[in-house]
Amino acid sequence: MKAPLAALQALLPRRVRTAAWPRWILPALLAVCAAGPAQALRIKEVAAVQGVRSNQLSGYGLVVGLDGTGDQTNQMPYTTQTLANYLQQLGIGLAPGAAAQLQPKNVAAVIVTAQLPAFAQPGQTIDVNVSSMGNSRSLRGGTLVATPLRGADGEIYALAQGNMVVGGAGASAGGSKVQINHLSAGRIPQGAQVERAVPTALHSGESIQLGLNASDFQTARRVAQAINARLGAGLATALDGRTVQVRAPADPGARVDFIAELEELPLEPSTPPSAKVVINARTGSVVLNQSVTLGPCAVAHGNLSITISATPLVSQPNPLSPGQTVVAQRNDISVRQEPGSIIALPAAAQLADLVRALNALGATPGDLLAILQALQAAGALSAELEVI
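Residues numbered from 1 in each chain as written. Predicted model: local features only at pLDDT ≥ 70, side-chain atom pairs only at ≥ 80, totals over all residues. Heavy atoms only, no water.

**Some points on the overall build of the chain**
Filter applied, for reference: Comment: elements are numbered from the N terminus, with helices defined as DSSP H or I runs of at least four residues and strands as E runs of at least two. Only protein chains enter the accessibility calculation, which uses a 1.4 Å probe; a residue is then buried when its area is under 20% of its type maximum, exposed when over 50%, and partly exposed in between. Surface exposure here means Shrake-Rupley accessible area, sampled with a 1.4 Å probe, where a residue is shielded only by the protein chains that are shown.
Assigned secondary structure in the chain consists of eight helices and 21 strands. Taking all 388 residues of the chain together, 29% fall into the buried category. Surface summary for the chain: the accessible area is close to 24,200 Å², and the carbon and sulfur share equals 55%.

**Focus on the nonpolar core**
Filter applied, for reference: Among buried residues, the Ala, Val, Leu, Ile, Met, Phe, Trp, Tyr and Cys ones that are joined through side-chain atoms within 4.5 Å form a nonpolar core.
Ranked by size, the top nonpolar core spans 24 residues in total, and within it Val-112, Ile-126, Val-128, Val-130, Leu-144 and Leu-149 carry the most contacts. Contributing elements (two or more residues each) for this core: β2 (55-64), β3 (108-116), β4 (125-132), β5 (143-150), β6 (156-163) and β9 (185-194). The element that contributes the greatest number of residues to this core is β3, accounting for five residues. Counting 23 residues, the second largest nonpolar core, distinct from the first, contains Val-46, Leu-212, Ala-248 and Leu-265.

**Observations concerning the sheet that holds strand β11 (residues 236-238)**
Condition: The pairing criterion for strands is at least two bridges between them, as found by DSSP. Think of each axis as a best-fit line through the C-alpha atoms, taken over the contacting stretch in the case of a helix, with angles from 0 to 180 degrees between the N-to-C directions. Contacts were defined at the residue level, with two residues in contact if any of their heavy atoms lie within 4.5 Å.
The strand order across the open sheet formed by four strands is β1-β10-β12-β11, and the pairing between neighbours is antiparallel. The two strands at the open ends of the sheet, each matched to only one other strand, are β1 (47-49) and β11. Between one strand axis and the next, the sheet turns through 25° on average, direction left out of account. Its contacts with the sheet place helix α5 (residues 217-231) against β10 (207-212), β11 and β12 (243-247), and it is angled at close to 170° to β11. In this fold helix α6 (residues 252-263) packs onto β1, β10 and β12, with an angle of close to 30° to the strand it touches most, β10.

**Considerations on the side chain of Asn-55**
This is how it is decided: Polar contact is defined as a pair of N or O atoms within 3.5 Å, subject to the rule that within protein one atom must be able to donate a hydrogen and the other to accept it, and that residues adjacent in sequence are counted only when both atoms are side-chain atoms.
Examined against the element boundaries, Asn-55 turns out to sit in strand β2. Within the structure, Asn-55 has its side chain in polar contact with the side chain of Arg-53 (distance 3.3 Å). Apart from residues lying up to four places away in sequence, Asn-55 is in contact with Ala-114, Gln-115, Leu-116 and Val-198.

**Here's the deal with the environment of Ala-160**
Among the structural elements, Ala-160 can be located in strand β6. When its relative accessible area of 0% is taken as the criterion, Ala-160 is described as buried.

**Describing the sheet that holds β2**
The strand order around the closed barrel built from six strands is β2-β3-β4-β9-β6-β5, with neighbouring strands paired in antiparallel fashion. Strand after strand, the sheet turns through a mean of 30° between neighbouring axes, direction not considered. Helix α4 (residues 77-89) rests against β2, β3 and β5 of the sheet, and its axis sits at about 85° to β2.

**Concerning unusual backbone geometry**
If you check the backbone angles, Phe-119 has positive phi at about 65° while not being a glycine. Looking at the secondary structure, you find Phe-119 in the loop between β3 and β4. Overall, Phe-119 belongs to the partly exposed group, its relative accessible area being 41%. Even without being glycine, Gln-190 reaches a positive phi, approximately 50°.

**Some details on a nonpolar patch on the surface**
Heads up, the condition is: For patch detection, residues must exceed 30% relative accessible area and be free of salt bridges, and they are connected within 9 Å for like charges or within 5 Å for nonpolar side chains (Val, Leu, Ile, Met, Phe, Trp, Tyr). Here a salt bridge means any side-chain nitrogen of Lys or Arg lying within 4 Å of a carboxyl oxygen belonging to Asp or Glu.
Together, Tyr-86, Leu-90, Ile-92 and Leu-94 make up a nonpolar patch on the protein surface, roughly 340 Å² of accessible area in all. Inspection of the secondary structure assignment puts Leu-90 in the loop between α4 and β3.

**Considerations on the pairing of strand β13 (residues 276-279)**
Burial along β13 is one-sided: the residues Val-277 and Ile-279 are buried and none of Lys-276 and Val-278 is. Here β13 runs beside strand β21 (residues 384-387); their pairing, made up of four bridges, is parallel. Within β21, the residue paired with Ile-279 across the bridge is Val-387. Here three bridges tie β13 to strand β14 (residues 286-288), and the two strands are oriented antiparallel to one another. Each bridged residue has a counterpart across the sheet, and for Ile-279 the counterpart in β14 is Val-286.

**Observations concerning the pattern of salt bridges**
Pairing is possible between side chains of opposite charge, provided their charged atoms come close. In total, this model carries six salt bridges according to the counting rule given. Where Lys-44 meets Glu-264, a salt bridge forms, and the shortest distance between an N and an O atom there is 3.4 Å. A residue pair is termed long-range when its members are at least 10 positions apart, and Lys-44 in the loop between α3 (25-34) and β1 and Glu-264 in the loop between α6 and β13 qualify at 220 residues. On the basis of relative accessibility, which here comes to 37%, the residue Lys-44 falls in the partly exposed class. You can call Glu-264 partly exposed: its relative accessible area is 37%.

**Observations regarding the side chain of Arg-255**
Structurally, Arg-255 is set in helix α6. Setting aside residues up to four positions removed in sequence, Arg-255 forms contacts with Leu-202, His-203, Ser-204, Gly-205, Glu-206, Ser-207, Ile-208, Ala-248, Pro-249 and Ala-250.

**Some thoughts on the pairing of β6**
Summarising the sheet, β5 and β6 pair through six bridges and their orientation is antiparallel. Within β6, the position partnered with Leu-144 by the bridge is Gly-162. Linkage of β5 to β6, two consecutive antiparallel strands, is achieved through a turn of five residues, within which Gly-154 is found at a positive phi near 85°. Pairing geometry for β6 and β9, over three bridges, is antiparallel.

Below, the structure written as structure tokens:
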């Protein structure tokens, strides 16, 4: 039962109660005070039942009905061969050598991919992605003909067909071209029908296994303790840093109810993660977590730039001389090194202090990669560096 507004208002400090706030301020403050704590982390957010997963499907097919933007069949022979095979399946036989003479401009060879969700049953529909594998200029307005989608075992699990949705547009004339977004890939919502279900081992055996999203012995122990404390002692056992084995009811209905209740169990607050710095060498991105700390150190940073400029020169011969005009080139090379002063970085026990200390260097993201590596080598950066 909620406490009355007057009782909650009496809990506020006197200077807050007597201040000249607008009418809506105090009820809002009281609502925040009366609100419960934030929702704790649940087991379903850190682990998943092993065997309950999606499967990748792919297939090769044809897109027809293009407005002259299909594959150039003289450069893509497999498109012509696929079209000839498709016509033969429909009972249209081509004379020997006639297949090589096909020049369809409205057909494109494509790769079709889809994701088969867990527990998908025959008759259900899934979305598919269609991507050109030739030199088609656009798939806009095309229709995918019946394409079988196979799994990693080579079996057919779905059949895709339908009109494509391409999120782009383009036009060209007289050598000029304008294009918005990507025209060689599209999507067919609910474009494939499931033909075969993937068997799962959810209802087999006396137990189920939970696979953690990240390998961590501490998290595995906390998950097992939470299950044993709420559902019964001895039900869960942490096998390693990524797997927790849980005894479950044998009845299928009771097992589903058990898993649904298990996934909603809250977990105790975890300890801070280990200090880690992730560096993307391709984009120059640097991400630091909250446990990264910096010891006292001094850093000198400066930039070195080299500029090369070329100026064309024309040498003219004297009048009435047999000489010829000669085009020469003059190259100027300059090297500039900006002065870099030594900056003392204080110890930073929090992430905000570390960010301010690194910003004081004025380094670019590319330079920051080398600085962080040097700080770790000097023992001033207490974190693990990971380059992706």
